[in-house]
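# Descriptive analysis of the structure
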Amino acid sequence: MSFAAIFIFGSLLGSFFNVCIRRLPAGKSVLVPASYCFKCRRAISPAHNIPVLSYLFLRGKCAFCGAPFSIQYPLVEFLTPVFYLGLYLRYGFGSEFFLYVVLSSFLIVIAFIDINRMLILDRLSYPLAALGLLVSGWRAAMHLRSGGELMQAVSYPLGFFAGAGVLLTLYVGWRWLRHEEGLGLGDVKLAAAIGPWLGVRMVLEALFLSFLLGSLWGVVLIAMRRKQLKDQLPFGAFIALAAYLRLLLGVECKLIF
Ligand SMILES: [Zn+2]
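About the cut-offs
- Residues numbered from 1 in each chain as written.
- Predicted model: local features only at pLDDT ≥ 70, side-chain atom pairs only at ≥ 80, totals over all residues.
- Helix = DSSP H or I, 4+ residues; strand = E, 2+ residues; numbered from the N terminus.
- Rg over C-alpha atoms; globule rule 2.2 N^0.38 Å.
- Buried ≥ 20, exposed ≤ 12 C-beta atoms within 10 Å, placed from the backbone.
- Contact = placed C-beta atoms within 7 Å.
- Core = buried A, V, L, I, M, F, W, Y, C linked by C-beta atoms within 7 Å.
- Domains from an automatic or database assignment.

### Quick look at the overall build of the protein chain
Within the protein chain, the secondary structure is distributed over ten helices and zero strands. The C-alpha radius of gyration computed for the protein chain amounts to 20 Å, which stays within 12% of the reference 18 Å derived for 257 residues, consistent with globular compactness. Structurally, the protein chain occupies a C-alpha span of about 60 × 50 × 35 Å along its principal axes. Buried positions account for 35% of the 257 residues belonging to the protein chain. Sequence-distant contacts, at least 24 apart, represent 69% of the contacts inside the protein chain between residues at least 6 apart.

### A short note on the nonpolar core
In summary, soluble globular proteins display a tendency toward joint burial of nonpolar side chains. In terms of nonpolar packing, the biggest core is built from 54 residues, with V109, I110 and A243 touching the most fellow members. For this core, the leading source of residues is helix α8 (residues 185-223), giving 15 residues. Here this core spans two domains, since at least three of its residues come from each of domain 1 (1-81) and domain 2 (94-257). When sequence neighbours within four positions are dropped, the list of residues in contact with I110 reads I120, L124, S125, L190, G236 and A240.

### As for the environment of G214
Position of G214 among the secondary structure elements: in helix α8. Exposure remark for G214: the 18 C-beta atoms within 10 Å place this residue in the partly exposed category. In this structure the C-alpha to C-alpha distance between G214 and I110, which are 104 residues apart in sequence, comes to 16 Å. Excluding its chain neighbours within four sequence positions, the residues that come into contact with G214 are L233, F235 and F238.

As structure tokens, then:
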């Protein structure tokens, strides 16, 4: 499998993820109608719908009416294949690669919806959790069949409770201390959903990394006077990014943690 094939496949999926990011929060179908300009409502022809390239060629505008399109479209079309390539370089072309491609696809859609709307949809985190639990059960069974230890085998299914437990503790603790919501319940559900994909150890490391990244970003925004301390961050996007980074940097991270 060549880099080019992964890139083309990834950018086409990224194009579809853009549709999901835009339409899922509004409760609209992601399949029909085909992409159209939000201003002049004309359908975007296949020639004008080539990932990244069409945006550059048309300078980010509708070919008919010139309405500007968000930079987020080419960004998602570019980031998706880059994320897939990272997984390919880390895991090679096997079952883990495919599993993590599914996971990171969910994470991309969830992260961008969270950035746009400060919202993590149950319609995404529930299926992600269900799939993760199925996969973790299969992994545990495989591990036991090959004579592995029980504790290691159950690490993946238990990741669900580890992820949920940490964020639920923070969620409840914050409400108790400050009488306000620091995190959303959506963040708790997302942490639970990625748990069985990563296993206990990795999900804890990923959540720790997400707190680091989120705090750093908050400090940067406050330093730039773009935000007040009480303003909310799309924390789900940081959980998603941290989970992906943890998958990618497995070996290196073991030196840190
Ligand atoms: Zn238009």
